[in-house]
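One-letter residues, chain by chain:
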Amino acid sequence: MDKATKAKAIEEFRINDKDCGSAPVQIAVLTGRINELTEHMKANKKDHHTRRGLICMVNRRRKLLNYLAGENQTQYADIIERLNLRR
């Protein structure tokens, strides 16, 4: 994920001007990285090191989504809809 794509995700999902680490921002950045690694895994099926990293990122995103669902249900629904995630 290049800097411009990451900055765009942070800009789109941040809560205030100084926000760069809230749960919605982390979920958006992780989703971008997960999508890129998924494409990489389609071309490189035997890359087990990347597969492990991808699974770790998916688990981290799931934990953040569970946290957000418990804290703020409307924000959770908004993130799911905007990122086109299945839940």
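Please refer to the structure higher up on the page.
**Student:** Honestly, the side chain of Thr31 in this entry has me stumped. Any pointers?
**Tutor:** Secondary-structure assignment places Thr31 in helix 2 (residues 23-43). Take Thr31: its relative accessible area is 4%, and that puts it in the buried class. Not counting residues within four places of it along the chain, the set of residues in contact with Thr31 comprises Arg61, Leu83 and Leu85.

**Student:** How do you make sense of the packing of helix 3 (residues 48-71) against helix 4 (residues 73-83) when you look at a structure like this?
**Tutor:** For the pair helix 3 and helix 4, the least separation of the axes is 6 Å and the interaxial angle reads 140°. Looking at the two axes, helix 3 sits oblique to helix 4. Touching Leu65, Leu68, Ala69 and Glu71 of helix 3 are Gln73, Gln75, Tyr76, Ile79 and Ile80, all from helix 4. Considering only residue class, the contact of helix 3 with helix 4 consists of six nonpolar, two polar and one charged.

Criteria and thresholds
Numbers given to residues run from 1 along each chain, matching the order in which its sequence is written. The model is predicted, so local features are restricted to residues of pLDDT at least 70 and side-chain atom pairs to those at 80 or more, both for listing and for counting; the totals for chains, interfaces and linings are taken over all residues. Think of the side-chain values as coming from all heavy atoms in the structure, minus any hydrogens and water. Put simply, DSSP H or I for four residues or longer makes a helix, DSSP E for two residues or longer makes a strand, and each gets a number counted from the N terminus. Throughout this description, buried means an accessible area under 20% of the type-specific maximum (1.4 Å probe, protein chains only), exposed means over 50%, and partly exposed covers the range between. Residue contacts follow a heavy-atom distance rule, with two residues in contact if any of their heavy atoms lie within 4.5 Å. Axis lines are fitted to C-alpha atoms, over the contacting stretch for helices. Their N-to-C directions set the angle, which ranges from 0 to 180 degrees. Our angle categories are set so that under 35 degrees counts as roughly parallel, over 145 as roughly antiparallel, 65 to 115 as roughly perpendicular, and the remainder as oblique. Gly is put with the polar residues, along with every residue not named as nonpolar or charged; the nonpolar set is Ala, Val, Leu, Ile, Met, Phe, Trp, Tyr, Cys and Pro, and the charged set is Asp, Glu, Lys and Arg.

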